[in-house]
Amino acid sequence: MAIWVAYIFVALFPVSVHGQSDPLYTQAWALPTLYNPAATGSTDFLRIRGAARLQWVGIENAPKSFTGAADIPFKLLGRRWGGGVNITQEGIGLFSNTYVNGQISGRLMKMFGGELTIGVQVGYFGSSFKGSEVYIPNDDDYHESNDPSIPMQDVGGGSIDFGVGLQYVHPKFHAGISMLHPAAPKVKLNTKGSTSSTATSDNHEFETYVNRVLYLTAGSNIPIKNTLIELQPDLIVASDLKTISGVLSLKGWYNKMFFGGLAYRWNDAVSVNLGAEFKNFLFGYAYDIPTSRILKASSGSHEITIGYRMKLDFSGKNRNRHRSIRLM
């Protein structure tokens, strides 16, 4: 407990501000709009997706993430567009973060048998800290019990946020690049109900910020000739321009209904993935096994993804002729 307390509290001192970042799901392939606004409206379906991730089960105050995402294509002024919304709630120790955004995308051009789209998003990032639950043992090596850099009250705040992305979709593959939180917005954490930027009687100011993150995504469909099996490799790489994380996965779909596969989370874990899609409903499960020493304290991480899609009428013509279950 003391280790978690020390780690999270150091993050709050204004001289050394800690940056929050988006949760990286093992099944990121099922949540394309969460990481790139250009992915909105990329099919002829209304798509609704939800995901829950419980990380490092067995460790107190370990990260927990919940996400809801929806996107839809539409026509306006004779052109095709995409719109979407994302909501993510994340708990990390005594921190609680909320990301909410609206997205819109549009086609830039057709090229090399595929389409290049651009997307933008505008939203809100909110963060709160449960200072009332702080507990520092007397023998703590990192902080004193009366350390003025640690709030002893609940504090919170929010800031406007935005992002931009590009995506290229071909019948056989897709690739995208996006930058989320490019301004790295800072959030001043105030006591609840206070209009002041101070959080203690000693006029110490607490703040956090969101790391700007560059995302690279790619994936493909590889049908196995004369079988009902289709392989789908997927890659997502995230970088705050200082560190890198990512997920590389390979799924095998059988008869476009059932899938199973493996994934590797960079310097983090290996994962087993299972799921099915039936009558427009999607269910996926991932179990991560840590590859670091944290395995001694945790039994691993669990992740569930659910989804539903509904075909929309675009004059009976599907402009995206690919059969990628990933994008659908």
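It should be noted that the structure appears before, not after, this text.
This section reports on the structure supplied with the text. Just so we're clear, the structure is a prediction, and the values are computed from it rather than from any experiment. (Residues numbered from 1 in each chain as written. Predicted model: local features only at pLDDT ≥ 70, side-chain atom pairs only at ≥ 80, totals over all residues. Heavy atoms only, no water.)

It is worth spelling out the overall build of the protein chain at this point. Counting its regular elements, the protein chain contains two helices and 18 strands. Counting across all 328 residues of the protein chain, residues that qualify as buried make up 49%. Summarising the internal contacts of the protein chain: among those between residues at least 6 apart in sequence, 58% fall at separations of at least 24. Approximately 16,100 Å² of the protein chain is accessible, and the part contributed by carbon and sulfur atoms is 63%. (Helix = DSSP H or I, 4+ residues; strand = E, 2+ residues; numbered from the N terminus. Buried < 20%, exposed > 50% of the residue type's maximum accessible area, 1.4 Å probe, protein only. Contact = heavy atoms within 4.5 Å. Areas by Shrake-Rupley, 256 points an atom, 1.4 Å probe, with all protein chains shown as cover.)

Relative to strand E6 (residues 114-130), strand E5 (residues 95-111) runs antiparallel, the two being bridged by 16 bridges. Opposite Ser-96, over in E6, you have Ser-128 as the bridge partner. Taking the residues that link successive antiparallel strands as the turn, the E5-E6 hairpin has two residues, and the phi of Phe-112 there is positive, at about 50°. Alignment of E6 against strand E7 (residues 154-169), held across 16 bridges, turns out to be antiparallel. In the sheet register, Phe-129 faces E7, and the bridge partner there is Val-155. (Pairing = 2+ DSSP bridges.)

This brings us to the nonpolar core. In this structure, Tyr-25, Tyr-35, Tyr-215 and Ile-236 are the most contacted members of the largest nonpolar core, which totals 14 residues. Breaking this core down by element, the ones donating at least two residues are helix H2 (32-35), strand E11 (213-220) and strand E13 (229-239). Setting aside residues up to four positions removed in sequence, Tyr-25 forms contacts with Leu-31, Leu-34, Tyr-35, Ala-51, Ala-52, Arg-53, Ser-65, Phe-66, Thr-67, Val-247, Arg-265 and Glu-303. Counting 13 residues, the second-largest nonpolar core is a separate cluster that includes Phe-125, Ile-136, Val-187 and Leu-189. (Core = buried A, V, L, I, M, F, W, Y, C linked by side-chain atoms within 4.5 Å.)

Further remarks concern empty space enclosed by the protein. A full pass over the atoms with the stated rule returns four cavities of 30 Å³ or more. Taken as a whole, the second largest cavity spans an internal volume of roughly 150 Å³. Together, 17 residues line the second largest cavity, and Asp-22, Tyr-99, Asn-101, Gln-121 and His-181 are the ones closest to its centre. Among the elements that take part in the lining of the second largest cavity, E6 stands out by supplying five residues, more than any other. Of the residues that constitute the lining of the second largest cavity, the class distribution is nine nonpolar, six polar and two charged. (1 Å grid on protein atoms, 1.4 Å probe; cavity = no way out; pocket = protein on both sides within 12 Å on 5 of 7 lines; lining within 4 Å. Points joined across faces, edges and corners; volume = space filled by probe spheres on them. Nonpolar A, V, L, I, M, F, W, Y, C, P; charged D, E, K, R; others polar.)

Now for a nonpolar patch on the surface. Together, Ile-104, Leu-108, Met-109, Ile-118, Val-120, Val-164, Leu-166, Ile-177 and Leu-216 line one region of the surface with nonpolar side chains, adding up to about 680 Å² of accessible area. When residues of the nonpolar patch are traced back to their parent elements, those giving at least two are E5, E6 and E7. Here the nonpolar patch gets three residues from one element, more than from any other, and that element is E5. Along the chain, Ile-104 turns up in strand E5. Taking relative accessible area as the criterion, Ile-104 reaches 39% and is therefore assigned partly exposed. (Patch = residues over 30% accessible without salt bridge, like charges linked within 9 Å, V, L, I, M, F, W, Y side chains within 5 Å. Salt bridge = Lys/Arg side-chain N within 4 Å of Asp/Glu carboxyl O.)

With respect to the helices and strands, the residue Asp-234 is situated in strand E13. You can call Asp-234 buried: its relative accessible area is 7%. Among the polar contacts listed, one links the side chain of Asp-234 to the side chain of Lys-251, at a separation of 3.0 Å. (Polar contact = N/O pair within 3.5 Å; in protein donor to acceptor, adjacent residues only side chain to side chain.)

Moving on, we get to the packing of aromatic side chains. Ring pairs (aromatic) are described by centroid distance and by the angle formed between their planes. Throughout the structure, instances matching the rule amount to eight aromatic pairs. For the pair Trp-29 and Phe-259, a centre-to-centre distance of 5.5 Å together with 90° between the ring planes defines the contact as edge-to-face. You can see Trp-29 sitting in the loop between strand E1 (19-20) and H2 and its partner Phe-259 sitting in strand E15 (residues 258-265), a full 230 residues away along the chain. By relative accessible area, which is 5% here, Phe-259 ends up buried. For the pair Tyr-264 and Trp-266, a centre-to-centre distance of 6.4 Å together with 85° between the ring planes defines the contact as edge-to-face. For Tyr-264, a relative accessible area of 32% corresponds to the partly exposed category. Here Trp-266 falls in the partly exposed class, since its relative accessible area comes to 49%. By way of ring pairs, the aromatic residues Trp-29, Trp-253 and Phe-259 are connected into one cluster. In this arrangement the basic side chain of Lys-251 is found over the ring face of Trp-29, its NZ or CZ atom lying 4.1 Å from the centre. (Phe/Tyr/Trp six-rings, centres within 6.5 Å; stacked < 30°, edge-to-face > 60°. Lys NZ or Arg CZ within 6 Å of the ring centre and 35° of its normal.)

Scanning the model with the defined rule gives 10 salt bridges in all. Across the pair Arg-80 and Asp-44 runs a salt bridge whose closest N-O atoms are separated by 2.7 Å. Remark: Asp-44 occurs in the loop between H2 and strand E2 (45-57) and Arg-80 occurs in strand E4 (residues 79-92); sequence separation between them is 36 residues. The pair Arg-80 / Asp-44 is uniform in exposure class, with both members buried. With a closest N to O distance of 3.5 Å, Glu-230 and Lys-256 form a salt bridge. Here the residue Glu-230 occupies a position in strand E13, and Lys-256 occupies one in the loop between strand E14 (244-254) and E15, the gap between them amounting to 26 residues. Its relative accessible area of 7% is what places Glu-230 among the buried residues.

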